[in-house]
Amino acid sequence: MAVFPFSAIVGQDEMKLAILTAAVEPRIGGVLVLGDRGTGKSTAVRALAALLPKVRAVESCPYHCDPDAIASSCEHCASLKANGTIKAVQKPVPVVDLPLGATEDRVVGALDLERALSQGVKAFEPGLLARANRGFLYIDEVNLLEDHLVDLLIDVAASGENLVEREGLSVRHPARFVLVGSGNPEEGELRPQLLDRFGLAVDVSTPTDLKLRVEVVKRRDAFERDPEGFCETWRKEDEKIRRRIVAARKRLPEVEVPDAALARAAQLCMALGTDGLRGELALMRAARALAAYEGDTVVNDEHLRRMAAPSLRHRLRRNPLDDAGSGTRVERALGEVFTQAA
Ligand SMILES: [Zn+2]
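The notes below deal with the structure included here.

Thresholds applied
Residues numbered from 1 in each chain as written. Predicted model: local features only at pLDDT ≥ 70, side-chain atom pairs only at ≥ 80, totals over all residues. Heavy atoms only, no water. Helix = DSSP H or I, 4+ residues; strand = E, 2+ residues; numbered from the N terminus. Rg over C-alpha atoms; globule rule 2.2 N^0.38 Å. Contact = heavy atoms within 4.5 Å. Phe/Tyr/Trp six-rings, centres within 6.5 Å; stacked < 30°, edge-to-face > 60°. Buried < 20%, exposed > 50% of the residue type's maximum accessible area, 1.4 Å probe, protein only. Lys NZ or Arg CZ within 6 Å of the ring centre and 35° of its normal. Axes fitted to C-alpha atoms, helices over the stretch in contact; angles between N-to-C directions. Left-handed = near helix turned anticlockwise from the far one by under 90°. Nonpolar A, V, L, I, M, F, W, Y, C, P; charged D, E, K, R; others polar. Donors = N, O, S within 2.8 Å, 3.2 Å for Na, K, Ca; no water. Tetrahedral: all angles 85-135°; square planar, octahedral: opposite > 155°, others 65-115°. Expected span 1.5 Å × (residues − 1). Arc of directions from axis to C-beta. Core = buried A, V, L, I, M, F, W, Y, C linked by side-chain atoms within 4.5 Å. Salt bridge = Lys/Arg side-chain N within 4 Å of Asp/Glu carboxyl O.

1. Structural notes on the overall build of the protein
From N to C terminus, the protein includes 14 helices and 11 strands. Over its C-alpha atoms the protein spans a radius of gyration of 21 Å, differing by no more than 12% from the 20 Å that the globule rule assigns to 342 residues. Its C-alpha atoms give the protein principal-axis dimensions of roughly 70 × 50 × 40 Å. Restricting the contact set of the protein to residue pairs at least 6 apart, pairs at least 24 apart contribute 76%.

2. Digging into the packing of aromatic side chains
This model, assessed by the stated rule, comprises four aromatic pairs. Relative to Phe-223, the ring of Phe-4 lies with its centre 5.1 Å away and its plane at 75 degrees, an arrangement referred to as edge-to-face. Here Phe-4, found in the segment before α1 (13–24), pairs with Phe-223, found in helix α9 (residues 210–225); they are 219 residues apart in sequence, far enough to count as distant. Across this residue pair, the class does not change: Phe-4 and Phe-223 are buried. Where Phe-230 meets Trp-234, the ring centres are 6.3 Å apart and the plane angle is 45 degrees; that geometry is what we call tilted. Of this pair, Phe-230 and Trp-234 both sit in helix α10 (residues 227–251), four residues apart, roughly one helical turn. Linked through ring pairs, Phe-4, Phe-223, Phe-230 and Trp-234 together constitute an aromatic cluster. Lying over the aromatic face of Tyr-138, Arg-46 brings its terminal NZ or CZ to 6.0 Å of the ring centre. Seen from the ring of Phe-338, Arg-305 lies directly overhead, with NZ or CZ sitting 4.9 Å from the centre.

3. Concerning the packing of helix α11 (residues 259–272) against helix α13 (residues 301–312)
For the pair α11 and α13, the least separation of the axes is 11 Å and the interaxial angle reads 35 degrees. The two elements α11 and α13 cross, and the hand of that crossing is right-handed. Seen from α11, the contacting residues are Ala-261, Arg-264, Leu-268, Cys-269 and Leu-272; seen from α13, they are Asp-301, Leu-304, Ala-308 and Leu-312. In the contact of α11 with α13, the residues fall into seven nonpolar, no polar and two charged.

4. Looking at the coordination of the zinc ion
Here the zinc ion is held by the protein donor atoms Cys-61 (SG), Cys-65 (SG), Cys-74 (SG) and Cys-77 (SG), which lie 2.3 Å from it. Coordination at the zinc ion comes from four donor atoms whose angles at the metal span 103 to 114 degrees, giving a geometry best classed as tetrahedral. Read from N- to C-terminus, the donor residues coordinating the zinc ion fall into the pattern C-x3-C-x8-C-x2-C. For Cys-61, a relative accessible area of 3% translates into the label buried. Judged by relative accessible area, which is 1%, Cys-65 ranks as buried.

5. Section: α11
Counting along an α-helix, one turn takes 3.6 residues, and residues three or four places apart therefore face a common direction. Over its 14 residues, α11 runs 20 Å from end to end, which matches the ideal 20 Å to within 8%, given 1.5 Å per residue. When we look at burial in α11, the residues that qualify are Ala-261, Arg-264, Ala-265, Leu-268, Cys-269 and Leu-272. When α11 is viewed along its axis, its buried side chains cluster within an angular range of 130 degrees and face the same direction. The exposed residues of α11 that point more than 90 degrees off its buried face are Asp-259 and Met-270. The elements touched by buried residues of α11 are α12 (278–294), α13 and α14 (326–339).

6. Description of the nonpolar core
In terms of nonpolar packing, the biggest core is built from 66 residues, with Phe-6, Leu-48, Phe-136, Ile-245, Leu-268, Val-299 and Val-330 touching the most fellow members. Of all the elements, α12 adds the most residues to this core, at nine residues. In this structure, Phe-6 is in contact with Lys-16, Leu-20, Ala-44, Ala-47, Leu-48, Leu-51, Asp-238 and Ile-241, ignoring residues within four places of it in sequence. Residues Cys-61, Val-107, Ala-175 and Phe-198 belong to the second largest nonpolar core, which totals 41 residues.

7. Observations regarding the pattern of salt bridges
Pairing between side chains of opposite charge can happen when the charged atoms of each approach one another. Applying the stated rule across the entire model yields 24 salt bridges. Asp-196 is the salt-bridge partner of Arg-315, the closest N and O atoms lying 3.0 Å from each other. Note that Arg-315 is positioned in the loop between α13 and α14 and Asp-196 in the loop between α8 (192–195) and β11 (200–204), a separation of 119 residues in sequence. Judged by relative accessible area, Arg-315 falls into the buried class, the value being 6%. Among the ionic pairs, Glu-237 bridges to Lys-240, the shortest N-O distance being 3.1 Å. You can see Glu-237 and its partner Lys-240 sitting in helix α10, three residues apart, about one turn around the helix. Residue Lys-240 is classed as partly exposed on the basis of its relative accessible area, which comes to 45%. Beyond isolated ion pairs, a larger network of salt bridges with shared partners links Glu-232, Arg-235, Glu-239, Arg-242 and Arg-243.

Below is the structure:
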């Protein structure tokens, strides 16, 4: 089935930038997309996943383990490797939707009851976290998900591993994925502790520019009438982005973050009064990923500027005397900090 091309998405630059940088550096943590319905939040995730190079994976493995990274694979693949019977195939980067009302069993996996009853075997039935390994886990309306599930997802995303210990089972399997949550702030408050755990947060809104709106509708219509032709038109643009992501992933370990850049990030967080150090860490990782994507080897002010709002806007304390939006407050702090000499 054809997927709407990433490069054909009109506007929504901040959201695209956030997902792109998370694809370059999954350690950024999840991306929270805040905004109206029908603004193409899930389209962007699906489009980016479809554009990424396929992953080399062990054929029969439910976690799509990497045959070249057995140290982080599941037990089954480790034993296949030891016997020399591993078979690698190319699989598309998975995008898994976490439906509202999903039970913990469905998410983390559980005892396979059917096999337990019919064969008396204690087997593990992998859950959605298994399917999402090496891809994206998308949660629509994260604010409506139970708190303990969100905490669990964020913990697994951060550790890259799912450990299931119950019903006499003890299973550990890789679960590295980029968590993308969408939320509409008008439909339920997001806990500050939860907000803070997402690496990046972006605001999306229905475009107010007339020309943009017309362009969005035109492209959507063109895609629906002839998906293959439309994708062909944008194939080269998508390929450029793919090449940049692949190069950025390679370059990332060599990108340097000078002390001056860290000082800038800290100044910015102090000016905004963000709690703890998560803001600086997120900004540093995001700026580094952007530098890698831009083909640079040193993080500079421009990278920090561009990633400041998505890294910090969800970490601001509410100020009753200041009703400016969080994006505006970050912009203001940027103006103050970046005019001072570093
Ligand atoms: Zn495996």
